[in-house]
Each structure stands twice: as structure tokens, then as C-alpha cells.
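Commentary on secondary and tertiary structure
Residue-level listing of the chains:
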Amino acid sequence: MASFLPNLLLLFSCFSLLIFTSVATVKTRPQIPIKPNKLVLKVQKDGATNLHVAQIYKRNPPVQFPFVIDLNGRFLSVNCENQYLSSGYNAPVCHSTQCARANPNSQMTCRTCSSSRTRLGCHSNACGLMTTNPVTRQSAMGELAQDVLSIPSTQGSSPGPMVQVPQFLFACAPSNIMQKGLPKNVQGFAGLGHSPISLPYQLASHFGFPAKFAVCLPSAPGQNGVIFFGEGPYLMNRGIDVSRKLTYTPLTIGRQGEYYINVQSIKINNKVVPLNTSLLPYSPKRGVGGTMISTTTPYTILQTSIFRALTQLLINQLQGVPQVKPMAPFGVCFDAKKFASNKAALTVSSIDLVLDNNRNIWRLYGHNVIVQPSPNVACLGFVDGGLRPQASIVIGALQLEDNLLQFDLTNSRLGFSSSLLSRRTSCSNFNFGKSSTGAEESTESTDEP
């Protein structure tokens, strides 16, 4: 009996320790959602190029790298020749299921690298992918690859736990086309286009949420914008849901996965711009005309006759504001001080894109229309695209800044907000704060001016 009591106390102590350890483990274990319904990427504007850059976690272990956002890109293009180190890297062979997924509507290209030594982006019997720099329009053959992609989830107005796609498909692109015309240290392009292996489609497929994403670009270097993947609400600071009051218009997909909308007329101060309306519809057979949306075009590009008609109407309504010598790439510029003090300038600097048989209007105004390239010069932020561009109108990044655009790929429609500044918020009001992901940050990230 004497030995029974100590044994009982020992057993009770061990049981108590087991319960305490289990509770402590539950409390400290990070609650990572298995199937998040919304993901986010941080976006920054590069002051030197006016391109927008997303911070993306790649490789195993994960490292953060900057990628230029390419709204119409078919996949994530990566410079694999720049010290690419990862334990998760794999190169799918030609005629594999991954290769078929990456090339759904075209014949597979089997690629054998000319180098005698196999390396990342250079394998025998690899699955070839044509990669393109959308800024310089240079193209070169790359190869399909797989690796880990990590991305923050969210349930509110700030990032949540990181989640992973273990076998994310992307293209290893030759370094010679990934270096020109881009922000410093960028590692490639983040393709958001209508393609089976673009970021939106792979993330939606892996995590099981609808194929939707929303772009909210910041308007100044040093500010953070955001890209949401998944269903709304999309919350900013103070709980403001910027997806609540969206206007929707049909979304047309181009032959290379580009996004088009049907602009039917343009108005300035409620006056219709007299333009050749035959240029406005998109021709799927020829792949020309229409209005394309682009993040790799810094300013909206207009076919020459549309540009001349719009600028002439603008000039006519600003008779009291002296013009000055245009500063490239702009074609029409004004004395900034006289422009700011002119009452007519406040209404003229509002441009309406009329959609859906006059039922909907996408209004551009303020900094989405007027650019100040120097303290004394104010320019119309639209440029002449020549007589025969691919798209008659390309809505550029300046016109997208501080606007929320939701690309609903499931229902083929675009939701747009017009400027969020009118709702006392902006694209920089998502609270990224300090990173708590535990992932490394590359020393090759973009420099913020």
C-alpha cells in the first residue's frame, strides 16, 4: 500500500503534463487554412518605368521576388538563369499532362537545349513555351517548369497565413528578354491573362474558389496596392468593402488571352467625341480593333484618328488655358498653373467611356486623366498609338490606378469602381504592414524611390 501512493502520484503528474503539452501545442500551432477562399499579392509602382510590380514568393524554401504585373500574360515568366536555387524545381517533359495543360489550343513544342550541360531552363525533351517581354515585345522560346509558389491568404483588410501551391507551373524564360525596359531587379512577369496556367486559373483550380481576381493599382511609388484572388468582399482599412458598388460590363477574351471591353463612345464634359465608331468593335477573327485593358502600357493608347478627335475636343473646351510644348510621350500639354486655376479644367479633365448601349459609364478623372511630368506642365495622359495598332484603344495603367477592377472569368464580366478616392479610400489602404510570413526577402527586390 505504501508503494501504491507514490506510483499513483507519478501517474497523475504524467497525465497532467500530457494535457498541458497538448493544450500548449494547440494554442501555439499556426492556424493555416487548408482551403482559403481569398489570396492577396502586394503591388508597388516603379517610379522610373511607371510599371507595377507584385511581390511573389517562389522556390523552396520560399524567397520573395519582384515580378512586373502583366494583365494579359498567359503565365508566370521567370528568369531561371539568375541563381535560381530551389529543392522543389522540376522540368515537365514534352507530351506530359503538364505540357498539354500549358498548350491547350496549340501544338506542343518539344525543346532540346543546345547546351551540352543540363541546367535550369535548359533540358532535353523539355516542353517549350514561347515567352514574351510585353514592354519591349521581344519573344524567345523558353521551357515549362514547376516549383513551389507561396502566397498570403486573407479574411479581412490585412494578409493572413501563407499557403502553398507545391507544383505551380511557370515558364523559364531566357534572361536576354527579361532585362530590357523593366524595373531594377525584376525577375519576370506575373501573367494574369485568360490561360490555364496563368496565376488566377492555377490558384482557383488548386484552392477550389471561383476564377475571379481583382486588381487595385497604387498611384504613387512608395505606396502598396493589392491584387485579390477569389470572391469578395475586398476589404480595405476601416472595413471598407471596395467591391460593394461595382458596375459590370461584358468581358471579351482576345486570341492570346487578352481582356477587352466594348467601349461604344467617349464623352468629355457630356459632349461626344466625334470619332470613327467602326474602329471600336473588337474583331475576334482578325484580332484587331476594340478596347483592351493593359497593365504593361503606362498610359492609355489611342488610334491616331481617335487621339486627334479627343484632344481637339479637349483643346476647344480649354480656350483660356495656354498650351505648352508637349513632353514625350504625351501629345497635348498645358501650362500647369493656368490649368489648375481654370474652372473649365475641372470638368474637362473628366472623361467618360460609354459602355453597353449607353447603360454604363466608366468615368476617368483627376490623376487618371492629367499627368504632371514637371511642376509647370500638365499633360493629357493619353498617347497617339499610330494608324494601325492591334487594339484601337488600350486602357493603360495610369487610368487604372486607384480603381478596383474585378475580372470575373467564370461569368465573363468586368466589374469596375471608377476612382476609389471619391469613396475616401484608395488602393493603398490594404494593410500589408510588416511581413510576418517567415519567408526570405530577396536582396534583389525593387528599390522604392
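Rules of the game
Per chain, residue numbering runs from 1 following the sequence as it is written. Confidence filtering applies because this is a predicted model: local features only for residues at pLDDT of at least 70, side-chain atom pairs given and counted only at 80 or more, and all residues used for totals across whole chains, interfaces and linings. The basis for the side-chain values is all heavy atoms of the structure; hydrogens and waters are excluded. UniProt positions are given in the numbering used here, feature names are shortened, and annotations may be inferred rather than shown by experiment. Secondary structure is summarised from DSSP: a helix means a run of H or I of at least four residues, a strand means a run of E of at least two, and numbering begins at the N terminus for each. For every residue, the accessible area (1.4 Å probe, protein chains only) is compared with the maximum for its type, and the residue is labelled buried under 20%, exposed over 50%, or partly exposed between those bounds. Working rule for contacts: check all heavy atoms of both residues, and any pair within 4.5 Å makes them a contact. Shrake-Rupley sampling with a 1.4 Å probe provides the accessible areas, and residues are treated as covered by the protein chains on show and by no other component. Strands pair, by our definition, only if DSSP identifies at least two bridges between them. Axis geometry follows a simple rule: fit a line to the C-alpha atoms, using only the stretch in contact for helices, then measure angles between N-to-C directions, giving values from 0 to 180 degrees. Among the buried residues, those of types Ala, Val, Leu, Ile, Met, Phe, Trp, Tyr and Cys that are joined through side-chain atoms within 4.5 Å form a nonpolar core. For the domain bounds, the source is a domain assignment made automatically or taken from a database.

The protein chain has the name Xyloglucanase inhibitor-like protein in an unreviewed UniProt entry, where Malus domestica is given as its organism. The UniProt entry for the protein chain carries the following comment under Subcellular location (unreviewed entry): "Secreted, Extracellular space".

**Side note on the overall build of the protein chain**
The secondary structure content of the protein chain amounts to seven helices and 31 strands. In the protein chain, which comprises 449 residues, the share counted as buried stands at 53%. Nonlocal contacts in the protein chain, meaning residues at least 24 apart in sequence, comprise 71% of its contacts between residues at least 6 apart. Put simply, the protein chain shows about 20600 Å² of open surface, and 53% of that area lies on carbon and sulfur atoms.

**Quick notes on helix α3 (residues 199-207)**
All of the buried residues in α3 are Leu199, Pro200, Gln202, Leu203, Ala204 and Phe207. Positioned one or two residues after α3, glycine 208 has a phi angle of 80°, which is positive.

**Observations concerning the sheet that holds strand β15 (residues 263-268)**
Taken in spatial order, the four strands line up as β16-β15-β23-β24 in an open sheet, and their pairing is antiparallel. Of all the strands in the sheet, the pair left with one neighbour each is β16 (271-272) and β24 (360-365). Pairing of β15 with strand β23 (residues 350-355) involves five bridges; the strand directions are antiparallel. Bridge pairing links isoleucine 268 to isoleucine 351 in β23. Sheet contacts for helix α4 (residues 304-316): β15, β16 and β23; angle to β15, the most-contacted strand, approximately 25°.

**A look at the nonpolar core**
In terms of nonpolar packing, the biggest core is built from 82 residues, with Leu203, Phe229, Ile266, Trp362 and Phe407 touching the most fellow members. Counting residues per element, this core draws most heavily on α4, which supplies seven residues. Of the residues that make up this core, three or more belong to each of domain 1 (38-230) and domain 2 (243-423). In terms of nonpolar packing, the next biggest core, distinct from the first, is built from 15 residues, Val226, Ile240, Leu420 and Cys427 among them.

**Describing the sheet that holds strand β28 (residues 393-395)**
As summarised here, the arrangement of the six strands in space is β13-β14-β19-β28-β20-β27, forming an open sheet in which the pairing is mixed. Looking at the sheet topology across the chains shown, the edges are occupied by β13 (252-253) and β27 (382-384). Of the strand pairs in this sheet, strand β14 (residues 259-261) and strand β19 (residues 291-293) are connected by two bridges, and their pairing is antiparallel. Within β19, the residue paired with tyrosine 260 across the bridge is methionine 292.

**Observations regarding the pairing of strand β8 (residues 159-173)**
Examined bridge by bridge, strand β4 (residues 76-79) and β8 share three bridges and lie parallel to one another. Among the inter-strand pairings, asparagine 79 is bridged to a residue of β8, identified as alanine 173. Hairpin connection between strand β7 (residues 138-154) and β8: a loop of four residues separates the two successive antiparallel strands.

**A look at the side chain of serine 195**
Structurally, serine 195 is set in the loop between β9 (188-191) and α3. Among residues more than four places away in sequence, those in contact with serine 195 are Arg74 and Tyr201.

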